[in-house]
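# Survey of secondary and tertiary structure
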Amino acid sequence: MPEFHEGCLVCVSREKGSCPEKCFECAQPDVRREDGIHSLGFYFPRFREGYKSSKWSQAVIKAKKKSLPVISSFGKIVAHYMDGRLAELKPYLITNVPAYPSEVPSLFSDYEFGLTRLLAFSVFANLKDRKWVCLEQLLVQNRKKARKQHRCKTDAQRRRNIQGIYAVQEPDKVEGRNIILLDDVITSGATMRECTTLLFEAGAKTVVGVALAKTFRMNFPTPGLVSCNHLQKHERGKRWSY
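Parameters and conventions
Residues numbered from 1 in each chain as written. Predicted model: local features only at pLDDT ≥ 70, side-chain atom pairs only at ≥ 80, totals over all residues. Heavy atoms only, no water. Helix = DSSP H or I, 4+ residues; strand = E, 2+ residues; numbered from the N terminus. Buried < 20%, exposed > 50% of the residue type's maximum accessible area, 1.4 Å probe, protein only. Contact = heavy atoms within 4.5 Å. Areas by Shrake-Rupley, 256 points an atom, 1.4 Å probe, with all protein chains shown as cover. Expected span 1.5 Å × (residues − 1). Polar contact = N/O pair within 3.5 Å; in protein donor to acceptor, adjacent residues only side chain to side chain. pLDDT = per-residue confidence, 0-100. Patch = residues over 30% accessible without salt bridge, like charges linked within 9 Å, V, L, I, M, F, W, Y side chains within 5 Å. Salt bridge = Lys/Arg side-chain N within 4 Å of Asp/Glu carboxyl O. Lys, Arg positive; Asp, Glu negative; His and termini not counted. Charge placed at Lys NZ, Arg CZ, Asp CG, Glu CD.

### Regarding the overall build of the protein
The secondary structure content of the protein amounts to six helices and 11 strands. With 242 residues in all, the protein has 50% of them scored as buried. Restricting the contact set of the protein to residue pairs at least 6 apart, pairs at least 24 apart contribute 70%. As displayed, the protein offers around 12,700 Å² of accessible surface, 49% of which is attributable to carbon and sulfur atoms.

### Focus on helix α4 (residues 115-126)
Helix length check: α4 (12 residues) gives 17 Å between terminal C-alpha atoms against 16 Å at 1.5 Å per residue, within 8%. With 10 of 12 residues buried, α4 is to be regarded as a mostly interior element. For α4, every residue scored as buried is listed here: L115, T116, R117, L118, L119, A120, F121, S122, V123 and F124. The elements touched by buried residues of α4 are α1 (55-64), α2 (68-85), β4 (92-96), β5 (133-135), β8 (178-186) and β9 (206-215).

### Here we look at the side chain of S188
Along the polypeptide, S188 turns up in the loop between β8 and α6 (190-201). Separated by 3.2 Å, the side chain of S188 and the backbone nitrogen of A190 make a polar contact.

### A few points about the confidence of the model for the protein
With 73% of its residues at a pLDDT of 70 or more, the protein has an overall mean of 77. Across the protein, β4 holds the top mean pLDDT of 97, while strand β10 (residues 232-235) sits lowest at 29. Within the model, the stretch residues 1-7 combines pLDDT values under 50 with 22 contacts to residues more than four positions away or in other chains. Confidence over residues 220-242 falls short of pLDDT 50; this stretch has 51 contacts with residues more than four positions distant or in other chains.

### A closer look at a positive patch on the surface
Side chains of R147, K153, R159 and R160 sit close together on the surface and give a patch of like positive charge. Residue K153 is classed as exposed on the basis of its relative accessible area of 74%.

Shown next as structure tokens:
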């Protein structure tokens, strides 16, 4: 398991909440719960309006670029949230949405694990009580995606792009268990739903998704593929969806 640094990388404080301006770690997560997925913040993609003012989005990008201090900070935030809000699920297994093996070295050249696996290590290490919690790699990605998810233009394309690429590698560890599934960013929720379906088919009792962030979208989601309870507002003549 990698070693993670202590302290907040944004405000350089050693204690949570001691910075004069609330940084992404010291601030309370802006949690959204939808379709069984807990998203702890908003993600504004780079070069989009809102990114420069979103410390949370900037931290997500740093995490994607294998910054262990950032991943450690996110691990503490997720663990704190799970200790408070998901404790009733114990005993449970923690697992993560996997990455295709050949993609990991290019993204994380110094480590044999991808972001979501490193995040799972950090979350597990920061839980207050690990007596009733196990950390397992339950899922595997068998082949590469035809294209990157962010290059898919519709939610339907996102769903088709990941169909059949994941599998449960140890079904005996899944049956009858409560599972928390970790991912970095959700947009349409297609990947999380695909993995959740596989875990239920393998016999999981409960599956709860936890993501670092939900993408802030500038258009309507494709009908029928996401929950209809998105909040919507008008801004500068555009229709935004959360």
